[in-house]
Amino acid sequence: MNFKRTPSIKTLWQEKKWLGVLWTIISLIFLAVFIYFSMQPSTGEPVRKELEKEFKAIAPLPHAISQDYQSTFKDQHALVEGYYLSTASYQQIRQYYVDELAKHGWQFKQESELRDLGRGLGKTMIFCKGTFNAEIEYFGMDRQPNDWAYAFGLSWGLRPDLCRKQS
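Residues numbered from 1 in each chain as written. Predicted model: local features only at pLDDT ≥ 70, side-chain atom pairs only at ≥ 80, totals over all residues. Heavy atoms only, no water.

Student: Now, about the pattern of salt bridges: what can you tell me, with residues and values included?
Tutor: Per the counting criterion, the structure on display carries 7 salt bridges. For Arg48, the salt bridge is made with Glu45, and the minimal N-O distance between the two is 2.9 Å. You can see Arg48 and its partner Glu45 sitting in helix H2 (residues 44-57), 3 residues apart, about one turn around the helix. The same class applies to Arg48 as to Glu45, namely buried. Salt-bridge contacts for Glu111 lead to Arg94; the nearest nitrogen and oxygen are separated by 3.0 Å. Here the residue Glu111 occupies a position in strand E3 (residues 107-116), and Arg94 occupies one in helix H3 (residues 90-103), the gap between them amounting to 17 residues. One salt-bridge network, in which partners are shared between bridges, spans Glu45, Arg48, Lys49 and Glu52. (Salt bridge = Lys/Arg side-chain N within 4 Å of Asp/Glu carboxyl O. Helix = DSSP H or I, 4+ residues; strand = E, 2+ residues; numbered from the N terminus. Buried < 20%, exposed > 50% of the residue type's maximum accessible area, 1.4 Å probe, protein only.)

Structure follows, in structure tokens:
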């Protein structure tokens, strides 16, 4: 007859001890990696600051009333945008920003209609400066009296193929 030998309590303790040591080492490695990556500076934060500076340099449409302002970033993108109340027509807003953005080195890229379920809601214009995008969204045609008429925003990384840095 072959009987299996039951491991002693001392052997079981040693096996569990090594398992605990192994678990502790693995946990410390994961903690060290997490701390290392959380201490790395975000690429998006300095770009957001640059976008904010650029945003403030571009004067909003005269007589437009600022309704809201947002500034956000993640590692690979950043966005700064403002929402404005205005009685100006789309053509007036368009002409103002085409001229104003050109003064700051922005180039007109495209214009398109904003649609939802086949219904026209407004217009959008895109401008480029290096890898930065400027976008103006106009919703003035179909809005409530106290809703914002247009939004003006600067972004980086949200539409990477739209504006590529020129060599």
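Student: Pulling in residues and values, what's your account of the nonpolar core?
Tutor: Of all hydrophobic cores here, the largest spans 27 residues; its most connected members are Tyr97, Leu101, Ile136, Tyr150 and Phe152. Contributions of two or more residues to this core are made by H2, strand E2 (77-85), H3, strand E4 (119-129), strand E5 (132-138) and strand E6 (150-156). Of the residues forming this core, the biggest block, 5 residues, is contributed by H3. Those residues in contact with Tyr150, other than ones at most four positions away along the chain, are Pro60, Leu61, Ala64, Gly82, Tyr83, Tyr84, Ser86, Ile93, Tyr97, Ile136, Glu137 and Tyr138. (Core = buried A, V, L, I, M, F, W, Y, C linked by side-chain atoms within 4.5 Å. Contact = heavy atoms within 4.5 Å.)

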